[in-house]
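# Coordinates in review
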Amino acid sequence: MTGAPDTFVTAGDDGVQIVADRWGDPGARAVVFLHGGGQTRRSWGRAAAAVAQRGWQAVTVDLRGHGESDWSDTGDYRVVSFAADVAGILRRLPPKPVLVGASLGGITAMLLAGELSRGSVGAVVLVEDRKS
């Protein structure tokens, strides 16, 4: 799969604009990639393209205050707010997406899948960046 992804914007939990990229068929089951603190959705570009090549829809998200997503006017950067923003993205996707998260993205994925929206995701994959 080559070419640029489709970029879309959703309203986050308190009206914050959340920016995401999509690779692949919008009707296919989704893998949603959530970056770590201080990173952006572009951290997942190669992985997302590879997942889309295998027939999945791949979505990378800029969490609030990161990349092209808005900063919170009220300074709300609680993990529960990140998770609520991602829940808004999930409502635009086919049921039971897979969440892949690193660091802040992993914590967000666990809170969303384990407490805030149980049963809404098919799986959570946690990624650790270890340098040897």
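This write-up is about the structure you can find in this document. Predicted model only: the values in this text are computed from it and were never measured. (Residues numbered from 1 in each chain as written. Predicted model: local features only at pLDDT ≥ 70, side-chain atom pairs only at ≥ 80, totals over all residues. Heavy atoms only, no water.)

Okay, the packing of aromatic side chains next. Applying the stated criterion across every chain, the model contains two aromatic pairs. With a centroid separation of 5.1 Å and 35 degrees between ring planes, the pair formed by phenylalanine 33 and tryptophan 44 is classed as tilted. Here phenylalanine 33 is found in strand β3 (residues 30-34), whereas its partner tryptophan 44 is found in the loop between β3 and α1 (45-53), with eleven residues between them in sequence. A single burial state applies to phenylalanine 33 and to tryptophan 44, both of which are buried. A ring pair is formed by tryptophan 71 and tyrosine 77, whose centres lie 6.0 Å apart and whose planes are at 80 degrees; its orientation type is edge-to-face. Its relative accessible area of 29% is what places tyrosine 77 among the partly exposed residues. (Phe/Tyr/Trp six-rings, centres within 6.5 Å; stacked < 30°, edge-to-face > 60°. Helix = DSSP H or I, 4+ residues; strand = E, 2+ residues; numbered from the N terminus. Buried < 20%, exposed > 50% of the residue type's maximum accessible area, 1.4 Å probe, protein only.)

What follows concerns the sheet that holds strand β5 (residues 98-102). Whether parallel or antiparallel, the strands of a sheet pair through hydrogen bonds between backbone atoms. The strand order across the open sheet formed by six strands is β1-β2-β4-β3-β5-β6, and the pairing between neighbours is mixed. At either margin of the open sheet sits one strand with a lone partner, and together these are β1 (6-11) and β6 (123-127). Strand-to-strand twist across the sheet, computed as the mean angle between neighbouring axes with direction ignored, equals 25 degrees. Alignment of β1 against strand β2 (residues 17-23), held across six bridges, turns out to be antiparallel. Among the inter-strand pairings, valine 9 is bridged to a residue of β2, identified as valine 19. (Pairing = 2+ DSSP bridges. Axes fitted to C-alpha atoms, helices over the stretch in contact; angles between N-to-C directions.)

Turning our eyes to something else, we now look at the pairing of β5. Across the five residues of β5, five count as buried, placing the element largely inside the fold. Going residue by residue along β5, you find Val98, Val100 and Ala102 tucked away on one face and Leu99 and Gly101 tucked away on the opposite face as well. In terms of strand pairing, β3 meets β5 through four bridges, oriented parallel. Looking at the pairing, valine 32 lines up with leucine 99 of β5. Relative to β6, β5 runs parallel, the two being bridged by five bridges. Within β6, the residue paired with leucine 99 across the bridge is valine 124. Considered for its hand, the β-α-β crossover made up of β5, helix α3 (residues 104-116) and β6 is right-handed. (Right-handed = clockwise from strand over helix to strand, strands pointing away.)

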